[in-house]
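Geometric and topological summary
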There are 2 protein chains.
Amino acid sequence: MSKRTEISSLGEFGLIDHLTEGLQPENRSTCYGVGDDAAVLCYDGGVKTLVTTDLLLEGVHFDLVYTPLKHLGYKAAVVNFSDIYAMNGFPKQITVSLGVSKRFSVEDMEELYAGIRIACEDHHVDIVGGDTTSSLTGLTISITCIGEAEADRIVYRNGACETDLICVSGDLGAAYMGLQLLEREKLVFNNGEGAQPDFAGKEYLLERQLRPEARRDIVERLREMNVQPTAMMDISDGLSSELIHICNQSKKGCRIYEDKIPIDYQTAVMAEEFNMNLTTCAMNGGEDYELLFTVPLSDYDKVAEMEGVSIIGHVTDAGLGCVLISRDGNEFELKAQGWNPLKED
Amino acid sequence: MSKRTEISSLGEFGLIDHLTEGLQPENRSTCYGVGDDAAVLCYDGGVKTLVTTDLLLEGVHFDLVYTPLKHLGYKAAVVNFSDIYAMNGFPKQITVSLGVSKRFSVEDMEELYAGIRIACEDHHVDIVGGDTTSSLTGLTISITCIGEAEADRIVYRNGACETDLICVSGDLGAAYMGLQLLEREKLVFNNGEGAQPDFAGKEYLLERQLRPEARRDIVERLREMNVQPTAMMDISDGLSSELIHICNQSKKGCRIYEDKIPIDYQTAVMAEEFNMNLTTCAMNGGEDYELLFTVPLSDYDKVAEMEGVSIIGHVTDAGLGCVLISRDGNEFELKAQGWNPLKED
């Protein structure tokens, strides 16, 4: 009998690493392949091409019970732009492939596309191609985004240096709390309890989940202030997981401080209501699409005065590991899923 | 109640046309967007970037009962390369996104990737990125391919001129007959008739279905012979359908001759066995991935001597429509699905 290894034993990152192991580029235009937010292609001249792709499957990545199609289209596009911004570049083109089951009408697809178009207008991106096909079950959305950056501006995950400051934009955990809220209301609704959901005062959480923003503004401001990050990623899987990526790829460690992690008031209220550990939500809740980046210590003054950017810690020698310092001064090693040993799952 | 239009009322091409209607490029680097085999992006210098994408869903585009995963990977990559060749360019990079259900093991994905890697090696293409994610049902493969071509070499679908010769590479209908054969054997097997399939003498048909080739060689030879096609497409949906695309986009008509359509001996034998109209199979059977192109009449001598290229007709004024001249001299108007009014479905 042939060997069967469960994919779950490798995990998603493990699987892609495993499958792409040892790939050696053949083409002069392939500057950087698998392993960062986007690939880097280069042609003559100083501008390089960035490519990133995302596959979204109904029931895995989105639930149409509470996700309006227009929002879904917007989000599907924006998460790709976010990957290009995370390379310190600007998205320029996308291709959109849709797998659509009979359940969906033309009007449904118009709604979805309307969201994609709004996202593209907001970010000055052109839709240049795609594919639509029938599907047996549910909706599949595959978007590939092409972006541009000057060669000397591109930021990878592997450039963080010791003593660099670790910064994040916006606030964390709200998208995750928004998802919890939507899931709770879905349950209530499905149980036939008939109550209309009351989202008053929680609009920010829903918006963060349903209509995330890609931080073009941060990339623009970093340029204006002449700050060149040493490493950057967008936070799609949670701060913990992304910090570990940057540290592993840069062969460094980090220390971040619980009391420095930016959290919105509504996120805190909601965590209280759900009886969840707020820091865990902020560290491991995904889909915030904020930017996580490191800058040289000498840029402290510049980033300290940037609105909507928080300095949460610094880069250390790899030997010191990736550590969160809690409010009471204890140290916890970061884990890709849940730093908190008490976290329930 | 809101309006509901069935997607089937528009068809796949109709849907994508409808959804992308009126898109206006915003970026200088977007030369040509939706509407051809690939998008064209341009940067400084004479080389342009081509982008194409394809979404393959289990149960819609492939049946794993008779498709080995390695072949599937090969085919999934090659069909994208074919789109780039159809622009008269060369594929250089791909991104691969996979949606994978629990049914699949790591070894399965290794097989799939092994096929993708072989295709990439054969065509000198680099795998530069991708995404793997879990799926609730079946396997989803989304591949985006990036290629290059010199600005003055790119061939669109809309450049065919009156009197141009219409040419196709290889032979047609074999991939479709291969599919019929596999479907028949699957049925026999499922009915528990226990007979082992006998594919002797039909290897070519199976190979055409399971392991299609993208015609890099034709693109290379056209260059060597200094022939610049006026329009080109790859034949994925059938000759009829692709001819109509070229004629519509070029605002021209065409006349092609039944007796000039290249058909392999095995395809003919199999059509006989299945009691199917051979010309219908060749005209409407998809997935041959041969190149369909038009060249100026003045290139007649050059294309006439190209091995593996058949001249099947010529381009006419739009008013004359798209016409097939049968062996007995009758004229049939081409339809996207089945020119033959007697065709059973």
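Computed from a predicted model, the values in this text were never measured in an experiment. (Residues numbered from 1 in each chain as written. Chains lettered and ligands numbered in written order. Predicted model: local features only at pLDDT ≥ 70, side-chain atom pairs only at ≥ 80, totals over all residues. Heavy atoms only, no water.)

1. Some points on the interface of chain B and chain A
The condition that has to hold: Note on contacts: a residue pair is in contact if any heavy atoms of the two residues lie within 4.5 Å. When two parts are put together, the accessible area they lose, computed with a 1.4 Å probe and summed over both, is reported as buried area. Note on definitions: salt bridges are taken to be side-chain nitrogens of Lys or Arg within 4 Å of carboxyl oxygens of Asp or Glu. Nitrogen and oxygen atoms within 3.5 Å of one another constitute a polar contact, given that in protein one can donate a hydrogen and the other can accept it, and given that sequence-neighbouring residues count only through two side-chain atoms. Each helix is a run of DSSP H or I of at least 4 residues and each strand a run of E of at least 2, with the numbering of both proceeding from the N terminus. Three residue categories are used. Nonpolar comprises Ala, Val, Leu, Ile, Met, Phe, Trp, Tyr, Cys and Pro, charged comprises Asp, Glu, Lys and Arg, and polar comprises the others, including Gly.
Contact residues are listed per partner, giving 75 residues for chain B and 75 residues for chain A. Both sides of the chain B and chain A interface together cover about 6200 Å² of buried area, and 56% of this is carbon and sulfur. Where chain B touches chain A, the interface holds zero salt bridges. The interface formed by chain B and chain A contains five residue pairs in polar contact (both at pLDDT 80 or more). Looking at the side of chain B that touches chain A, the elements that each hand over two or more residues are helix H1 (11–19), strand S2 (39–42), strand S3 (47–57), strand S4 (90–100), helix H3 (106–123), strand S5 (126–134) and strand S6 (140–150) of chain B. Within the side of chain B that touches chain A, the residues separate by chemical class into 27 nonpolar, 28 polar and 20 charged.

2. A short note on the pattern of salt bridges
Basically, it comes down to this: Buried residues are those whose accessible area, probed at 1.4 Å on protein chains only, stays under 20% of the maximum for their type, while exposed residues exceed 50% and partly exposed ones sit between those limits.
According to the stated counting rule, one finds 30 salt bridges over all chains in the structure shown. Lys75 of chain B serves as the salt-bridge partner of Glu287 of chain B, at 3.1 Å between the closest nitrogen and oxygen. Taken together, the positions of Glu287 of chain B in the loop between helix H9 (278–284) and strand S10 (291–295) and Lys75 of chain B in helix H2 (residues 69–85) put the pair 212 residues apart, joining distant regions of the chain. With respect to class, Glu287 of chain B is no different from Lys75 of chain B; both count as buried. Close ionic contact of Arg211 of chain B with Glu213 of chain B constitutes a salt bridge, the shortest N to O distance being 3.0 Å. Overall, Arg211 of chain B belongs to the partly exposed group, its relative accessible area being 29%. Through salt bridges that share partners, Arg208, Arg215, Asp217, Asp288 and Glu290 of chain A make up one connected network.

3. Side note on the sheet that holds strand S11 (residues 309–317) of chain B
Residue and element names in this part refer to chain B. Basically, it comes down to this: In this description, strands pair whenever DSSP reports at least two bridges between them. In this analysis, axes come from line fits to C-alpha atoms, helices being fitted only over the stretch in contact, and the angle between any two N-to-C directions falls in the range 0 to 180 degrees.
With mixed pairing, the seven strands of this open sheet are ordered in space as S8-S10-S7-S11-S9-S12-S13. The open sheet terminates on both sides in strands that have one partner only, identified here as strand S8 (231–234) and strand S13 (331–333). The mean inter-strand angle of the sheet, taken between neighbouring strand axes irrespective of direction, is 25 degrees. This element, helix H6 (residues 216–224), spans strand S7 (165–169), S10 and S11 of the sheet and lies at about 20 degrees to S10. Set on the sheet, helix H7 (residues 239–250) makes contact with S7, S8, strand S9 (252–257), S10, S11 and strand S12 (322–325); between it and S9 the angle comes to about 150 degrees.

4. Observations regarding the pairing of S3 of chain B
All names here are of chain B. With 10 of 11 residues buried, S3 lies mostly within the body of the structure. Relative to S3, S2 is paired through four bridges, and the arrangement is antiparallel. Along S3, the bridge assignment pairs Ala39 with Val51. Note: S3 against S6, 11 bridges, orientation antiparallel.

5. A short note on the packing of helix H2 (residues 69–85) of chain A against helix H3 (residues 106–122) of chain A
Residues and elements named next belong to chain A. Short version of the rule: Note on terminology: angles under 35 degrees are roughly parallel, angles over 145 are roughly antiparallel, angles of 65 to 115 are roughly perpendicular, and the others are oblique. For any pair of crossing helices, the crossing counts as left-handed if the nearer helix is rotated counterclockwise from the farther one by less than a right angle, and right-handed if it is rotated clockwise.
At a minimum axis separation of 6 Å, H2 and H3 run at an interaxial angle of 40 degrees. Judged by the inter-axis angle, H2 sits oblique to H3. Judged by the sense of rotation from one axis to the other, the crossing of H2 with H3 is right-handed. Packed against H2, whose contacting residues are Leu69, Lys70, Leu72, Gly73, Tyr74, Ala77, Val78 and Phe81, the element H3 presents Asp108, Glu111, Leu112, Ala114, Gly115, Ile116, Ile118, Ala119, Cys120 and Asp122 at the interface. Considering only residue class, the contact of H2 with H3 consists of 12 nonpolar, two polar and four charged.

6. Quick notes on the packing of aromatic side chains
All names here are of chain A. Test applied: Within 6.5 Å between ring centres, the rings of Phe, Tyr and Trp (the latter by its six-membered ring) count as paired, and their orientation is classed by plane angle as stacked under 30 degrees, edge-to-face over 60, tilted in between. For a Lys NZ or an Arg CZ to count as sitting over a ring, it must be within 6 Å of the ring centre and within 35 degrees of the ring normal.
Per the counting criterion, the structure on display carries two aromatic pairs over all chains. Here Tyr85 and Phe90 contribute two aromatic rings whose centre-to-centre distance is 6.1 Å and whose plane-to-plane angle is 80 degrees, an arrangement assigned as edge-to-face. Here the basic side chain of Arg211 rests over the ring of Tyr74, its NZ or CZ set 4.0 Å away from the ring centre.

7. Some points on the relation of the copies chain B and chain A
Here is the rule we go by: Alignment of copies: least-squares fit on C-alpha atoms of residues with pLDDT of at least 70 in both copies.
If you rotate chain B by 180 degrees and push it 0.0 Å along the axis, it lands on chain A with an RMSD of 0.0 Å. What we have between these two chains is a two-fold relation. Most of the interface of chain B is mirrored in chain A: 100% of its interface residues are interface residues there too.

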